Amino acid sequence: MAVDWQTVSSLATGAGTLVLAVATFGSVRSGNRSARVAERALLAGMRPLLVQSLAGDPTHKALWSDRHTARIEGGRAVAESEGEVVYLAIGLRNVGSGIAVLHAWYPRTGIFGENSHAAPEEFRALTIDLYVPPGGTGYWESAIRSADDPALPAFTTALAEREPFAVDLLYGDQDGGQRTISRFVVLPAGDGGWYAQAARHWGVDRPAPRPS
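Residues numbered from 1 in each chain as written. Predicted model: local features only at pLDDT ≥ 70, side-chain atom pairs only at ≥ 80, totals over all residues. Heavy atoms only, no water.

Quick notes on helix 2 (residues 152-160)
- All of the buried residues in helix 2 are L152, F155, A158 and L159. In an axial view of helix 2, the angular spread of the buried residues amounts to 130°, which keeps them on one side of the axis. The exposed residues of helix 2 that point more than 90 degrees off its buried face are P153 and A160.
- In this structure, the buried residues of helix 2 make contact with strand 4 (76-82), strand 5 (85-94), strand 6 (100-108), strand 8 (137-144), strand 9 (165-172) and strand 11 (194-203). (Buried < 20%, exposed > 50% of the residue type's maximum accessible area, 1.4 Å probe, protein only. Helix = DSSP H or I, 4+ residues; strand = E, 2+ residues; numbered from the N terminus. Arc of directions from axis to C-beta. Contact = heavy atoms within 4.5 Å.)

Some points on the environment of G83
- Topologically, G83 is positioned in the loop between strand 4 and strand 5.
- The exposure class assigned to G83 is exposed, which follows from its relative accessible area of 71%.

Focus on the pattern of salt bridges
- Using the criterion set out here, one finds seven salt bridges in the structure.
- Two residues, R76 and D191, come together in a salt bridge whose shortest N-O distance is 2.7 Å. Pair noted here: R76 is in strand 4 and D191 is in the loop between strand 10 (180-188) and strand 11, with a separation of 115 residues, a long-range link.
- The class for R76 is buried, based on a relative accessible area of 16%. (Salt bridge = Lys/Arg side-chain N within 4 Å of Asp/Glu carboxyl O.)

A closer look at the side chain of Q52
- Of note, Q52 is situated in strand 1 (residues 50-52).
- At 2.9 Å, the side chain of Q52 forms a polar contact with the backbone nitrogen of A198. (Polar contact = N/O pair within 3.5 Å; in protein donor to acceptor, adjacent residues only side chain to side chain.)

Some points on unusual backbone geometry
- With a phi angle near 75°, R67 is a residue other than glycine that sits in the positive phi range.
- The residue R67 is located in the loop between strand 2 (60-63) and strand 3 (69-72) in this model.
- Phi at R162 is positive, roughly 55°, even though this residue is not glycine.
- Residue placement: R162 occurs in the loop between helix 2 and strand 9.

Some details on the pairing of strand 4
- Here strand 4 pairs with strand 11 via two bridges, running antiparallel. Directly across from R76, in strand 11, lies its bridge partner Y195.
- As paired strands, strand 4 and strand 5 are joined by six bridges and run antiparallel to one another. Of the residues in strand 5, the one forming a bridge with A77 is I90.
- In sequence, strand 4 turns back onto strand 5 through a hairpin of two residues, with G83 there showing a positive phi of about 65°. (Pairing = 2+ DSSP bridges.)

With respect to the packing of aromatic side chains
- Within this structure, the stated rule accounts for five aromatic pairs.
- Summarising the aromatic geometry, the rings of W64 and Y87 are spaced 5.3 Å apart at their centres and angled 70° between planes, so their arrangement reads as edge-to-face. Here the residue W64 occupies a position in the loop between strand 2 and strand 3, and Y87 occupies one in strand 5, the gap between them amounting to 23 residues. The pair formed by W64 and Y87 is uniform in burial state, with each residue classed as buried. (Phe/Tyr/Trp six-rings, centres within 6.5 Å; stacked < 30°, edge-to-face > 60°.)

What follows is the structure in structure tokens.
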């Protein structure tokens, strides 16, 4: 019985092509997986995470555009009302591995323990650049100045009556990515000052540290 070598050659070529395709597919998948692992490792090395500063951390001096100043001690916040302006500041510590670049903030009074936050576009953009180095300390500062600001009456009352309030901070890494929202609760201290406490973190560009 004659052997059709042309058919055998075609089948062998087809089988070889199939084996090469399978090997190429496996190599591409492995390469993509390695690239994703490398990307995650790179991002983790740039990821900031802000909490309140510690009691023994250095004191920072905040200076507002109208030359109002305040000293922010470790573990503390500043909440001062002068005229129709409310000045706010919080001492921060970056426990992440990347520099924290602060973008914006959102004021909260009343009930602020819910597991939700405002959309990033609703946050109030900072007018100065504030950074907190990895493993280091820094601060956030801003103010409520406009007489028709809807947050002004509630914050003025909270400061006068020594009631807790909260500030949500929006920040990210040095490339503007990995945005995170951290909620800081500000509580009255017995000496007339204010304590700060990080209460919750949400991931904007990635999953949150824990499920909702």
